Amino acid sequence: MKLTLKIWRQANAEAKGSMITYPIDGVEEDMSFLEMLDVLNEELINKGEEPVVFDHDCREGICGSCSLQINGEPHGPDRLVTTCQLHMRMFNDGDTIVIEPFRAKAFPVIKDLMVDRSSFDRIQQAGGYISVNTSGNTIDANAIPVEKENADDAFYAAACIGCGACVAACKNASAMLFTSAKVSQYALLPQGEVEAATRVLNMVEQMDKEGFGNCTNTGACEVECPKGISLENIARMNREYLSASMKG
């Protein structure tokens, strides 16, 4: 395939960025989107030009670092996939593809297509954990009974990889889906009950401090989430937050 790539280039967070057009030829339909970018960068390097910076790691749909806005959609036109799982067969010969970083105040651009998502780390650090001393006191996994439905829902919530697609899809750049998934994976389990109140209060407070917007209730976050994280988690977090606030 022959394609025209319009890619956002930006030297750093303070610099003014712009869209640069790159023609590319010989793209195979079985290439992943990131492999296609690798081909482009190899061509740029051979020409003595600076390659396009983009974030990636596992390339297996697990780490969530390959977060790109492709033709206006987080992770591109396919569903339930990350950018590294997106294949070029989703595009046609002659297409123009617009590639941008995720746009959010809380995700400042580092360079080109790479953004700083450490705000998610700080939300997680605010309460996304259980304070249990397991050193030398390992407990059998079946020691505490958990209803299957709750266990299943906790696993579904824990599937969130923190890629930020929910933020990029939301017109308010809300992090409610991410935060609610991290709250839910503990709220549904007895191990998370001890710190339940402080967890949700601290994580929501940190989310607001980071500059994320409010939930729009449009559901775009769930549609674009590569792991299909449900909006039910937001409803659960709102209930947890209300309960914790009333307890004082």
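Residues numbered from 1 in each chain as written. Predicted model: local features only at pLDDT ≥ 70, side-chain atom pairs only at ≥ 80, totals over all residues. Heavy atoms only, no water.

Student: Go over helix H5 (residues 176-187) with me, naming the residues and quoting the values.
Tutor: Side chains of residues three or four places apart in an α-helix project in the same direction, reflecting 3.6 residues per turn. End to end, H5 covers 15 Å across 12 residues, agreeing with the expected 16 Å (1.5 Å per residue, within 8%). The element H5 is extensively covered by neighbouring structure, given that 11 of its 12 residues are classed as buried. Inspection of H5 places Met176, Leu177, Phe178, Thr179, Ser180, Ala181, Lys182, Val183, Ser184, Gln185 and Tyr186 among the buried residues, and these make up the whole buried set. Buried residues along H5 sit in contact with helix H2 (118-127), helix H3 (148-158), helix H4 (165-169), helix H6 (196-209), helix H7 (220-224) and helix H8 (232-247). (Helix = DSSP H or I, 4+ residues; strand = E, 2+ residues; numbered from the N terminus. Expected span 1.5 Å × (residues − 1). Buried < 20%, exposed > 50% of the residue type's maximum accessible area, 1.4 Å probe, protein only. Contact = heavy atoms within 4.5 Å.)

Student: Hey, could you go over the domain arrangement of the protein chain for me, with residue numbers and the actual values?
Tutor: Annotation of the protein chain at the domain level lists domain 1 (3-43 + 52-111) and domain 2 (118-246). One C-alpha centre belongs to domain 1, the other to domain 2; they are set 28 Å apart. The interface of domain 1 with domain 2 comprises 17 residues on the first partner and 18 residues on the second. Taken over both partners, the interface formed by domain 1 and domain 2 buries close to 1300 Å², and the fraction arising from carbon and sulfur atoms is 60%. For domain 1, the biggest contributors to the area lost against domain 2 are Pro74, Ala106 and Phe107; these three give 34% of the whole. Inspection of the region where domain 1 meets domain 2 yields 1 salt bridge. A salt bridge links glutamate 224 to arginine 79, with the shortest nitrogen-to-oxygen separation between them at 3.5 Å. Here domain 1 and domain 2 share 3 residue pairs in polar contact (both at pLDDT 80 or more) between them. Classifying every residue of the side of domain 1 that touches domain 2 gives 9 nonpolar, 6 polar and 2 charged. (Domains from an automatic or database assignment. Buried area = accessible area lost by both parts, 1.4 Å probe. Salt bridge = Lys/Arg side-chain N within 4 Å of Asp/Glu carboxyl O. Polar contact = N/O pair within 3.5 Å; in protein donor to acceptor, adjacent residues only side chain to side chain. Nonpolar A, V, L, I, M, F, W, Y, C, P; charged D, E, K, R; others polar.)

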